[in-house]
Amino acid sequence: MGCWYSRLVSGEEMVSRCKARKRYMKQFVKARHSFAAAHSMYLRSLRATGVALLQFASAETNLHHHLRPPATPLRVPPPFPNPPPAMSPTSWTTTSASTTTSSVVHPPPPPPPMSSSSAWDFWDPFMPASGRPVDEEEWEETTIDSEVAATATAAARSVAAPPSVVTATATSSSSELAVVVSTKSKDLVEIIKELNDYFVKAANAGDPLSSLLEVPTGQLSYQESSGKDDGNVKSLSPLLWTWSSSSAKWNAFGKFCEDSGGNNIGRGNDGIATHCSTVERLYVWEVKLYQEVKNAEYLKLEYEKKVAVLRKLEMKSADYFKTEKAKKDVEKLESQLMVASQAIEATSSEITKLRESELYPQLLELVKGLTCMWRSMYEFHQVQTHIVQQLKFLNSIPSSSPTSEIHRQSTLQLELKAQQWHLSFCNLMKAQRDYVQSLTGWLRLSLFQVGNNPLHKTRQDSAIYSLCEEWQLAINNVPDRVASEGIKSFLTVIHAIVVQQTEEQKQKKRSDSAFKDLEKKASELRSLESKYGPYTLPICSSETSKNPVREKRVKVETLREKAEDEKAKHEKSVSVTRAMTMNNLQMGLPHVFQAMTGFSNVCTQAFESVHNQAKSNHDLQNMKMILP
């Protein structure tokens with residue numbers, strides 16, 4: 001008796017491992033929710049930043065900034081290939097300082113995509129002449145090589161195609177494509193409006209990934225327990241499963257059932273399980289497994305005690321009835337242990353099934369979605385980099401228009417949205433790292449199967465673990481600090497404008513106060529002059545007597561000089577604000593988009609590499625299964 005139980009690993013080790021698995025899965029449930037929320041917030045911050053920037057520019061339009069057309073033809077330098085095959089996350093990270101000053105800070109701007117509301121346009125030389133009317137006074141033509149032509153064509157198609165499937169690949173064709181660039185004069189608002197359009201496009205590029213990370217409508221956010229883990233599956237299910245009006249049901253074995261209408265709870269419209277439902281079901285199964293393993297360990301200890309008692313009775317040739325009772329107790333516990341072992345095997349099998357059939361494909365789709373999103377964002381940020389280059393052609397005509405209260409509020413709003421952009425970007429990177437880290441930790445423990453062969457690893461186990469290891473390596477190596485600093489630098493220049501506007505406002509108050517005092521004293525002077533006359537003599541004949549009109553006049557002249565001086569300072573402050581505004585936009589905007597272009601480019605390569613390697617491993621394993 002008791003030989004069968006030796007197949008299990010040490011009870012304490014198993015309980016400890018299952019407890020750690022449950023903890024990692026609980027972290028993963030939270031991390032998935034945080035990842036989805038951070039992703040959603042980042043997309044919202046992109047849209048909000050574009051809108052705030054446009055409102056800021058609209059408030060600045062009264063300052064008469066004009067576009068100075070370039071004296072020479074505006075050539076469009078070739079953009080980055082998409083993505084450059086030579087770059088890698090590691091090399092980009094190790095040379096981040098030099099890259100920031102070279103390929104990131106000064107990248108060649110891309111050819112902008114065509115838009116019906118934009119002044120950009122593309123001309124295909126193979127189209128009929130009637131399809132490409134060009135005004136010679138407003139357009140100039142430049143020719144680019146075949147690689148740039150392919151990129152430009154793909155970028156143009158991206159306007160109509162979903163951002164998540166846009167690709168820009170070079171072609172070996174020797175044909176050339178002429179890109180027509182508008183040199184029509186634009187003001188600040190027109191430039192920023194184009195920029196805002198691509199903020200929207202970049203945000204929309206993340207929508208497909210939002211669907212994969214979607215938190216179902218009506219779902220309660222996962223709440224941490226108050227330091228106490230309740231292993232009861234029934235008590236956890238209301239917290240984890242609250243989809244709209246659906247009636248989620250669990251059977252006696254913790255299996256997730258269909259509702260009365262036959263619909264699969266936690267599945268999308270196409271019947272495929274959502275990532276959210278898969279992750280939360282895995283957590284419920286992990287809780288169940290932990291309870292079963294802990295119960296089995298308790299039974300094992302009781303079993304060992306009863307066996308020891310029986311052996312003593314047999315050695316002493318004790319009373320027959322006592323010995324038989326001890327044997328029945330041992331047999332009963334042995335039967336309970338067998339049932340517990342079968343329950344562990346069944347639960348472990350359900351976890352493995354979920355991991356292989358649902359979680360792994362979902363992870364592949366997530367990595368693919370990340371690749372597509374960052375590829376599209378790379379293209380759109382690259383176009384934004386080109387758009388903001390037009391700011392250098394804006395000439396600031398001296399303006400005496402002071403900063404209005406509306407403009408000051410729009411600047412404060414822009415600063416707030418830039419802060420949110422920076423914060424949401426940092427949160428997004430942290431949330432994804434926490435997501436992958438908790439997932440990898442759980443996989444590392446769950447690869448050791450609970451059952452007959454605790455060290456057994458399936459092919460799928462190896463594939464999913466390899467995927468997550470590569471994913472974790474990729475997300476840890478992407479240069480998000482460079483991108484974060486790029487956004488922060490933009491925030492810094494906006495804050496400098498806020499500070500200068502505040503100083504201008506303070507100077508205006510000092511000027512207004514000086515003129516108010518001047519008017520008050522001038523009114524008193526006029527009252528004295530009407531009473532005593534403009535050139536009254538001293539009231540007394542004494543030489544020490546004072547002339548009140550003369551003294552008041554001296555004070556008024558002193559205040560007049562002070563008021564004029566404060567007015568001049570205010571006018572100078574206004575001109576400083578106007579100059580700083582344009583200078584900061586001209587310097588800050590290119591830097592942030594160059595940083596985001598470089599970052600999104602590295603992300604594209606990193607996630608594409610992870611996905612391709614996973615697919616390659618999967619195909620190789622399938623080939624091994626086919627071959628004898």
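Reading the values: the criteria
- Residues numbered from 1 in each chain as written.
- Predicted model: local features only at pLDDT ≥ 70, side-chain atom pairs only at ≥ 80, totals over all residues.
- Heavy atoms only, no water.
- Helix = DSSP H or I, 4+ residues; strand = E, 2+ residues; numbered from the N terminus.
- Buried < 20%, exposed > 50% of the residue type's maximum accessible area, 1.4 Å probe, protein only.
- Contact = heavy atoms within 4.5 Å.
- pLDDT = per-residue confidence, 0-100.
- Expected span 1.5 Å × (residues − 1).
- Axes fitted to C-alpha atoms, helices over the stretch in contact; angles between N-to-C directions.
- Parallel < 35°, antiparallel > 145°, perpendicular 65-115°, else oblique.
- Left-handed = near helix turned anticlockwise from the far one by under 90°.
- Polar contact = N/O pair within 3.5 Å; in protein donor to acceptor, adjacent residues only side chain to side chain.
- Phe/Tyr/Trp six-rings, centres within 6.5 Å; stacked < 30°, edge-to-face > 60°.
- Bend = angle between axes of the 7 residues up to and from the residue.
- Core = buried A, V, L, I, M, F, W, Y, C linked by side-chain atoms within 4.5 Å.
- Salt bridge = Lys/Arg side-chain N within 4 Å of Asp/Glu carboxyl O.

## Concerning the overall build of the protein chain
Reasoning step 1: Along the protein chain, the regular secondary structure elements total 13 helices and six strands.
Reasoning step 2: The 628 residues of the protein chain split such that 48% are buried.
Reasoning step 3: At a minimum sequence separation of 6, the contacts of the protein chain that also span at least 24 residues come to 87%.

## Brief notes about the confidence of the model for the protein chain
Reasoning step 1: Per-residue pLDDT for the protein chain has a mean of 73; in total, 64% of the residues score no lower than 70.
Reasoning step 2: Below pLDDT 50 for its whole length, residues 65–132 participates in 160 contacts with residues either more than four positions away or in separate chains.
Reasoning step 3: The model gives residues 134–181 a pLDDT under 50, and that stretch makes 96 contacts with residues more than four places away or in other chains.

## Some thoughts on the environment of Val482
Reasoning step 1: Here Val482 shows up in helix 12 (residues 480–532).
Reasoning step 2: A residue is classified by how much of its surface remains accessible, and Val482, at 16% relative accessible area, is buried.
Reasoning step 3: Distance in space between the C-alpha atoms of Val482 and Met596 is 8.5 Å, their sequence separation being 114 residues.

## Quick notes on helix 8 (residues 275–315)
Reasoning step 1: The terminal C-alpha atoms of helix 8, which comprises 41 residues, lie 59 Å apart, in line with the 60 Å expected from a rise of 1.5 Å per residue.
Reasoning step 2: Positive phi shows up at Ser317, right after helix 8, with a value of about 55°.

## Section: the packing of helix 1 (residues 11–60) against helix 10 (residues 405–446)
Reasoning step 1: As a packed pair, helix 1 and helix 10 sit with axes 6 Å apart at the nearest point and diverge in direction by 160°. In terms of orientation, helix 1 and helix 10 fall into the roughly antiparallel class. For the pair helix 1 and helix 10, the sense of crossing is left-handed.

## Notes on the side chain of Thr597
Reasoning step 1: Among the structural elements, Thr597 can be located in helix 13 (residues 548–626).
Reasoning step 2: Looking at Thr597, its side chain comes within polar contact range of the main-chain oxygen of Phe593, at 2.6 Å.

## Quick notes on the packing of aromatic side chains
Reasoning step 1: Within this structure, the stated rule accounts for 11 aromatic pairs.
Reasoning step 2: Geometrically, the ring pair formed by Phe425 and Phe599 is edge-to-face, given 5.2 Å between the ring centres and 75° between the ring planes. Note that Phe425 is positioned in helix 10 and Phe599 in helix 13, a separation of 174 residues in sequence.
Reasoning step 3: Residue Phe425 is classed as buried on the basis of its relative accessible area, which comes to 1%.
Reasoning step 4: According to the relative accessible area criterion, Phe599 is buried, its value standing at 0%.
Reasoning step 5: Ring pairing ties together the aromatic residues Phe28, Phe35, Tyr435 and Trp471, which thus form one cluster.

## Thoughts on helix 9 (residues 320–388)
Reasoning step 1: Taking 1.5 Å of rise per residue, 69 residues should cover 102 Å, and helix 9 covers 96 Å from first to last C-alpha, within 8% of that figure.
Reasoning step 2: Along helix 9, the sharpest kink reaches roughly 35°, centred on Arg355.
Reasoning step 3: The N-capping residue of helix 9, defined by a side-chain oxygen 3.1 Å from the backbone nitrogen of Phe321, is Asp319.

## What about the nonpolar core?
Reasoning step 1: Residues Leu363, Trp421, Trp471, Phe490 and Leu589 are the most contacted members of the largest nonpolar core, which totals 108 residues.
Reasoning step 2: When contributions to this core are tallied by element, the ones reaching two or more residues are helix 1, helix 5 (188–204), helix 8, helix 9, helix 10, helix 11 (459–477), helix 12 and helix 13.
Reasoning step 3: Every residue in contact with Trp471, bar those within four places of it in the chain, is listed here: Leu363, Leu366, Val367, Leu370, Gln432, Tyr435, Val436, Phe607 and Val610.
Reasoning step 4: Counting residues in each nonpolar core, the second largest holds nine residues, with Ala522, Leu525, Val556 and Ala563 among its members.

## Description of the pattern of salt bridges
Reasoning step 1: Overall, the coordinates contain 22 salt bridges when judged by the stated rule.
Reasoning step 2: When the shortest N-O distance is used, the salt bridge between Glu405 and Arg408 registers 3.2 Å. With Glu405 and Arg408 both in helix 10 and three residues apart, the pair spans about one turn of that helix.
Reasoning step 3: Overlapping salt bridges, with partners in common, bring together Lys521, Glu524 and Lys552 in one network.

## As for the packing of helix 9 against helix 10
Reasoning step 1: Between helix 9 and helix 10, whose axes approach to 14 Å, the crossing angle comes to 155°. Here helix 9 is positioned roughly antiparallel relative to helix 10, judged by the angle of their axes. At the point where helix 9 passes helix 10, the crossing takes the left-handed sense. Seen from helix 9, the contacting residues are Ile351, Arg355, Leu359, Leu363, Leu366, Leu370 and Trp374; seen from helix 10, they are Met429, Gln432, Tyr435, Leu439, Trp442, Leu443 and Ser446.

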